[in-house]
Amino acid sequence: MNIEDLGFETINLGHGSGGELTRNLLDNVIFKIFSNPYLDQKHDGAIVKIEGEIAISTDSFVITPIFFKGGDIGSLAVHGTVNDVAMCGAIPKYLSLAFIIEEGLKVTEFVAIVQSIKKAADESGVLIITGDTKVVERGKGDKIFINTTGFGEMHSKADISVKNISENDVIIVNGFIAQHGMAIMSEREGLEFESNINSDSTNLNFLVKDLLDEFGNKIKLFRDPTRGGLGTVLHEIANDISKGVYLKEVSIPLEKQVSAACEMLGLDPMYVANEGVFLVVIDPSIETEVLELMRKHQKGINSAVIGEFTSKHPNKVVMESLIGGKRIVSPLVGEQLPRIC
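Quantities reported herein were computed from a predicted structural model and do not represent experimental measurements.

Calculation criteria
Residues numbered from 1 in each chain as written. Predicted model: local features only at pLDDT ≥ 70, side-chain atom pairs only at ≥ 80, totals over all residues. Heavy atoms only, no water. Pairing = 2+ DSSP bridges. Helix = DSSP H or I, 4+ residues; strand = E, 2+ residues; numbered from the N terminus. Contact = heavy atoms within 4.5 Å. Axes fitted to C-alpha atoms, helices over the stretch in contact; angles between N-to-C directions. Parallel < 35°, antiparallel > 145°, perpendicular 65-115°, else oblique. Left-handed = near helix turned anticlockwise from the far one by under 90°. Nonpolar A, V, L, I, M, F, W, Y, C, P; charged D, E, K, R; others polar. Core = buried A, V, L, I, M, F, W, Y, C linked by side-chain atoms within 4.5 Å. Buried < 20%, exposed > 50% of the residue type's maximum accessible area, 1.4 Å probe, protein only. Phe/Tyr/Trp six-rings, centres within 6.5 Å; stacked < 30°, edge-to-face > 60°.

(A) Fine view of the pairing of strand β6 (residues 144-154). The sheet contact formed by strand β1 (residues 54-61) and β6 spans 8 bridges and is antiparallel. When the bridges of β6 are listed, Thr-58 appears paired with Thr-149. Two elements, strand β4 (residues 90-102) and β6, share 11 bridges in a ladder whose sense is antiparallel. What sits directly across from Ile-101, in β6, is Ile-144.

Encoded structure:
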């Protein structure tokens with residue numbers, strides 16, 4: 001795409017007016033990049049066929065900065081919603097996409113975000129089928145906010161629910177935790193520091209599908225620990241089912257540079273956001289087979305068993321430390337890292 005041919009360098013209020021400027025932006029950027037049989041009809045909505053039960057998830061993205069190591073707000077908006085649909089035990093198929101753009105956003109930045117959304121959607125196997133674009137006055141937003149809603153067909157073998165969890169069920173994570181949050185913090189204004197940490201933002205739906213294909217309802221639960229991190233998600237689950245969680249710190253995958261960055265900023269990696277990590281709860285009888293499958297997958301190479309559910313300390317998450325002591329992983333109070341997704 002030749003951006004010079006668009007005839008404007010920044011987004012202005014007219015691009016959200018519904019007139020010629022809006023049509024120019026839609027036809028030459030959004031419809032051109034996302035072109036597919038649903039979107040090409042240019043209706044107010046989309047009509048699709050989905051067999052059986054469907055899973056629906058919606059999410060809004062207000063991250064700052066909008067471009068960061070390992071991704072941007074566009075790819076994040078796809079990955080976040082695709083993963084939420086997958087965590088339900090569904091196969092993501094379609095996304096709706098809405099932009100709220102601040103007047104003054106550079107067209108080069110907007111096009112880069114749209115192209116990133118297209119790439120992430122293609123890699124995730126989903127289509128953008130409907131959407132919306134609004135522009136707000138300068139100073140009334142922060143460059144760009146995005147909302148996505150995902151739709152997926154429930155996997156025929158899925159039975160995903162916290163109610164399925166039993167004592168001694170095993171908790172597995174698919175990779176290193178806390179990378180997304182620390183990648184963002186390394187570039188946050190006022191906190192910049194030298195780092196090679198990249199966000200882990202990626203789609204997880206194909207690995208989830210492989211697990212359901214192979215193990216079906218022996219998979220008790222999927223959950224992605226985004227805002228609030230692994231500690232918050234496990235605490236929520238423990239409270240929901242009145243069971244305890246016992247973790248071993250030594251087993252939790254954590255890169256050395258992420259650990260060092262957390263220590264430097266006084267942050268606990270258990271509460272730092274992830275965007276390419278999920279936990280799976282399974283019956284202990286299939287632990288070996290599940291790990292073997294996950295580790296063969298590109299997005300599960302570093303999978304590890306990190307703990308189990310227990311009746312010994314209901315509603316509490318207890319972690320055995322590296323030196324053998326035990327500590328309570330308390331619920332996160334307030335926001336440790338604002339605007340992380």
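(B) Local environment of the side chain of His-313. Relative to the helices and strands, His-313 is located in the loop between β11 (304-310) and β12 (317-320). Those residues in contact with His-313 that lie beyond four places of it in its chain are Lys-243, Gly-244, Val-245, Tyr-246 and Val-318.

(C) How the structure looks around the sheet that holds strand β13 (residues 326-328). Read across the open sheet, the 7 strands follow the order β8-β10-β7-β11-β9-β12-β13; overall the sheet is mixed. Both outer strands of the open sheet, β8 (219-223) and β13, are each paired with one neighbouring strand and no more. For this sheet, the mean angle separating the axes of adjacent strands, direction not counted, is 25°. Judged from the 4 bridges that link them, strand β9 (residues 244-248) and β11 form a sheet pairing that is antiparallel. Within β11, the position partnered with Tyr-246 by the bridge is Glu-308.

(D) Seen up close, the sheet that holds strand β5 (residues 127-136). Pairing is mixed in the open sheet, where 4 strands are placed in the order β1-β6-β4-β5. Sheet topology places β1 and β5 at the edges, where each strand pairs with a single neighbour. Each adjacent strand pair in this sheet contributes to an overall mean axis angle of 15°, direction not counted. Sheet strands touched by helix α2 (residues 73-87): β1, β4 and β6. Its angle to β6, the strand with the most contacts, is close to 30°. Across the sheet, helix α3 (residues 107-124) is in contact with β4, β5 and β6; its angle to β4 comes to roughly 175°.

(E) Broad picture of the packing of helix α1 (residues 20-34) against α3. Axis separation between α1 and α3 bottoms out at 9 Å; the angle between their running directions is 25°. Looking at the two axes, α1 sits roughly parallel to α3. Classified by chirality, the crossing of α3 by α1 is right-handed. Taking contact as the criterion, the partners of Leu-25, Val-29, Ile-30, Ile-33 and Phe-34 in α1 are, on α3, Phe-110, Val-111, Val-114, Gln-115, Ile-117 and Lys-118. By residue class, the composition of the contact of α1 with α3 is 9 nonpolar, 1 polar and 1 charged.

(F) Local environment of the nonpolar core. Core analysis: the largest hydrophobic core is formed by 98 residues, its most contacted members being Phe-99, Phe-110, Ile-144, Phe-222 and Phe-278. With 8 residues, the top contributor of residues to this core is α3.

(G) Quick look at unusual backbone geometry. Each neighbour pair has its own omega, and for Thr-64 with Pro-65 the value is 0°, a cis peptide bond. Among the structural elements, Pro-65 can be located in the loop between β1 and β2 (67-68). Although it is not a glycine, Lys-42 adopts a positive phi angle of roughly 55°. Positionally, Lys-42 belongs in the loop between α1 and β1. Of note, the phi angle at Asn-315 is positive, near 70°, even though the residue is not glycine. On the secondary structure map, Asn-315 appears in the loop between β11 and β12.

(H) Structural detail: the packing of aromatic side chains. What the rule picks out here adds up to 3 aromatic pairs. Centroid distance Tyr-38 to Tyr-94: 5.5 Å. Interplanar angle 75°. Geometry classified as edge-to-face. Taken together, the positions of Tyr-38 in the loop between α1 and β1 and Tyr-94 in strand β4 put the pair 56 residues apart, joining distant regions of the chain. Aromatic side chains Phe-99 and Phe-110 sit 5.1 Å apart centroid to centroid with 75° between the ring planes, which places their arrangement in the edge-to-face category. Of the two residues, Phe-99 sits in strand β4 while Phe-110 sits in helix α3, which places them 11 residues apart along the sequence. The exposure classification of Phe-99 matches that of Phe-110, with both residues buried.

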